[in-house]
Amino acid sequence: MITFRVMKPTDLPFFMHLMDMVGWGMTPQDYDRILRFSPTGCFIASENNQDLGMVATTNYGTIAWIGNLVVQPETRGKGIGAALMQHAIDHLVSKGTKAIRLDGVQAAVPLYRRLGFKDEYWSLRHTGTATHHTTDCTPMKPEDLDAVSKLDKQVFKDDRRHVIEYFYELYPELCYTAWENDKLVGYIMAKEGASNTKIGPWVAEPGHPCAEKLLYSVMNQRVGGEIWVGTPEGNKLSVAILEKLGFVPHPSSLRMCYGDSSIRENVEYTYGLGGPDKG
Ligand SMILES: CC(C)(COP(=O)(O)OP(=O)(O)OC[C@H]1O[C@@H](n2cnc3c(N)ncnc32)[C@H](O)[C@@H]1OP(=O)(O)O)[C@@H](O)C(=O)NCCC(=O)NCCS
C-alpha cells in the first residue's frame, strides 16, 4: 500500500537524487527554501519503507503552487504521480487555498487535466549567456522591500514578501530596482541554480524601458555565465528582449490552474516568473 509522509530536512538526499535525475538544476538551497516556506506541505510517497516519489507545495494564502513532482522511473505508470498530486491538492484545499497553479511539462499535461487542472497559457523558457551592458538601475536596498512587496502583490495577486526577503538576503547583488519620480516602476531578483543564474521575479510596468535595463543589471554581475528565464507567453516584450540578446528557447511548460482561475497574475508586468515550482 502506498503511504504518504511529510518531507523532513533529513529527506534532502532523496530530494537531490530525484532532482539530479530530472535535471531541473535544484540545489540544497532550494530544499531549504521549500521546507522553510512549506514545512507541512511537501510529501513523499512510499511503499514497504521504499521512497518512490515526491511533490512540493508553496502556499501564499489565496494562491498556491504545486511543483517538484517526480516518481522513481521504475515505478511510473502505476498511479503514484496522480496520488501524490491528489494528496497535495487535498492538503491545499484543506488550508483554504482558492487557486492552485503549476507549470506542467507537456508529457504530464494529460495527468493534470485528469485531476481537474485547466489550461491557462504557455510558460516559456529561455537561456542565454550574460553579456555586459550599460544600465542605470539601482541595487535594491533593505528599505525598498516595502515598495517591492507592494508592487509584487499588485502583479502576482498574493503576498510573497517572505520569499522576496529570503532571496534578497541570499543574493542582494542580484536584486535591482527602477524608479521614476520616486515611484517604483520595476524590480528584478535572481538566484543561483546548480549551473546557471535563474532570473525571477522580474517585474516592470508594461513596455517600460527599465525592463531591459533591469535584466542588464543582473547580467553585468554574471558576465559569461548562463542565465535562465521563465516568461508568460503573454509578455511579448520580455520575449523580444530575450531574442534580441540571443537567448534560445527551450520546450515550454503549460501553466494550469485548479480552482478559481479568476485570481491570476498580471502577465503584462511579469517579464520573468519567480520560478516554475512556486510562481
Ligand atoms: C510525471 C510523473 C511524476 C508521473 O508519475 P507516474 O507515477 O508515472 O504517474 P501516474 O502513473 O499517476 O500517471 C501517468 C501519467 O504521467 C504522465 N507521464 C507519463 N510519462 C511521463 C514523463 N516521462 N514525464 C512526465 N509525465 C509523464 C502521463 O500523463 C501519464 O498519463 P497517461 O497514462 O495517460 O500517459 C513521472 O512521469 C515523472 O516523475 N516524470 C519526470 C518528472 C516530471 O516530468 N514531472 C512533472 C513535472 S510538471
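About the cut-offs
- Residues numbered from 1 in each chain as written.
- Predicted model: local features only at pLDDT ≥ 70, side-chain atom pairs only at ≥ 80, totals over all residues.
- Heavy atoms only, no water.
- Helix = DSSP H or I, 4+ residues; strand = E, 2+ residues; numbered from the N terminus.
- Polar contact = N/O pair within 3.5 Å; in protein donor to acceptor, adjacent residues only side chain to side chain.
- Contact = heavy atoms within 4.5 Å.
- Phe/Tyr/Trp six-rings, centres within 6.5 Å; stacked < 30°, edge-to-face > 60°.
- Buried < 20%, exposed > 50% of the residue type's maximum accessible area, 1.4 Å probe, protein only.
- Lys NZ or Arg CZ within 6 Å of the ring centre and 35° of its normal.
- Domains from an automatic or database assignment.
- Buried area = accessible area lost by both parts, 1.4 Å probe.
- Expected span 1.5 Å × (residues − 1).
- Salt bridge = Lys/Arg side-chain N within 4 Å of Asp/Glu carboxyl O.
- Near = heavy atom within 4 Å.
- Areas by Shrake-Rupley, 256 points an atom, 1.4 Å probe, with all protein chains shown as cover.
- Nonpolar A, V, L, I, M, F, W, Y, C, P; charged D, E, K, R; others polar.
- Pairing = 2+ DSSP bridges.

J.: How do you make sense of the side chain of Glu120 when you look at a structure like this?
T.: Note that Glu120 resides in strand S6 (residues 118–129). A distance of 2.7 Å separates polar atoms of two side chains, one belonging to Glu120 and the other to Arg101. A distance of 3.4 Å separates a polar atom in the side chain of Glu120 from a polar atom in the side chain of Arg264. The contact partners of Glu120, leaving out residues within four places of it in the chain, are Arg101, Arg255, Met256, Cys257, Ser261 and Arg264.

J.: What exactly am I supposed to notice about the packing of aromatic side chains here?
T.: Think of a pair of aromatic rings as described by two things: how far the centres are apart, and how the planes are tilted against each other in angle. Applying the stated criterion across every chain, the model contains 7 aromatic pairs. Arranged with centres 4.7 Å apart and planes meeting at 40°, the rings of Phe15 and Tyr31 form a pair that is tilted. Linking Phe15 in helix H1 (residues 12–22) with Tyr31 in helix H2 (residues 28–37), this pair joins segments that are 16 residues apart in sequence. Overall, Phe15 belongs to the buried group, its relative accessible area being 0%. For Tyr31, a relative accessible area of 4% gives the class buried. Aromatic pair Phe117 and Tyr258: ring centres 5.4 Å apart, planes at 45°, arrangement tilted. Here Tyr258 lies in strand S12 (residues 248–259) and Phe117 lies in the loop between helix H4 (109–114) and S6, a separation of 141 residues in the sequence. The buried category is assigned to Phe117, whose relative accessible area is 2%. The exposure class assigned to Tyr258 is partly exposed, which follows from its relative accessible area of 24%. Taken together, the ring pairs in this structure connect Phe37, Tyr166 and Phe167 into an aromatic cluster. Directly above the ring of Phe167 sits Lys191, whose terminal nitrogen or CZ lies 4.8 Å from the centroid.

J.: I keep staring at the domain arrangement of the protein chain and nothing clicks. Help me out?
T.: Quoted interface sizes are often the accessible area lost when the parts come together. We note that the domain assignment places domain 1 (3–97) and domain 2 (126–272) within the protein chain. Between domain 1 and domain 2, the C-alpha centre-to-centre distance is 26 Å. Contacts between the two partners involve 16 residues from domain 1, matched on the other side by 18 residues from domain 2. Summed over both partners, the interface of domain 1 with domain 2 buries about 1,400 Å², with 66% contributed by carbon and sulfur atoms. The largest per-residue losses of area from domain 1 upon contact with domain 2 belong to Phe37, Tyr60 and Ile63, which jointly make up 40% of the total buried on that side.

J.: What is the right way to read helix H3 (residues 80–94) from this model?
T.: Helical geometry note: an α-helix holds 3.6 residues per turn, so side chains three or four residues apart project in the same direction. Here H3 spans 21 Å end to end across 15 residues, near enough to the 21 Å set by a 1.5 Å rise per residue. Listed in full, the buried residues belonging to H3 are Ile80, Gly81, Leu84, Met85, Ala88, Ile89, His91 and Leu92. Of the residues one or two after H3, Gly96 is the one with positive phi, at around 90°.

J.: Please explain the pattern of salt bridges as it appears in this structure.
T.: Should their charged atoms come close, side chains of opposite charge can pair. As enumerated under the stated definition, the model contains 20 salt bridges in all. Between Arg33 and Asp30 there is a salt bridge; the shortest N-O distance is 3.2 Å. Separated by 3 residues within a single helix, Arg33 and Asp30 lie in helix H2, roughly one turn from each other. Pair check on accessibility: Arg33 and Asp30 agree, each one buried. In this structure, Glu165 engages Arg161 in a salt bridge whose closest nitrogen and oxygen atoms are separated by 2.7 Å. Linking Glu165 with Arg161, this pair stays in helix H6 (residues 161–170), spanning 4 residues, or about one helical turn.

J.: What should I look at first to understand the site of the ligand in this one?
T.: Residues in close proximity to the ligand total 21 residues, the closest being Leu69, Val71, Gly77, Gly79 and Gly81. Residue Arg76 places a side-chain N or O atom 3.3 Å away from an oxygen atom belonging to the ligand. Separating an oxygen atom of the ligand from a backbone N or O atom of Ala107 is a distance of 3.2 Å. A total of 830 Å² of accessible area belongs to the ligand in isolation, and the protein chains cover 73% of it. Those elements that provide at least two residues to the shell around the ligand are strand S4 (63–71), H3, strand S5 (99–104) and H4. Ranked by the residues each element gives to the shell around the ligand, the list is headed by H4, at 4 residues. Taken together, the residues that form the shell around the ligand break down as 13 nonpolar, 4 polar and 4 charged.

J.: How do you make sense of the pairing of strand S9 (residues 183–192) when you look at a structure like this?
T.: Remark: a regular strand shows side chains that alternate across the two faces of the sheet. By the criterion of burial, S9 is predominantly enclosed, with 8 of the 10 residues buried. By the bridge criterion, 5 bridges tie strand S8 (residues 176–180) to S9 in an arrangement that is antiparallel. Within the sheet, the bridge partner assigned to Tyr176 lies in S9 and is Ile188. One ladder, built from 6 bridges, connects S9 with strand S10 (residues 197–204); its direction is antiparallel. Among the inter-strand pairings, Ile188 is bridged to a residue of S10, identified as Trp202. Between S9 and the antiparallel strand that follows it, S10, lie 4 residues.

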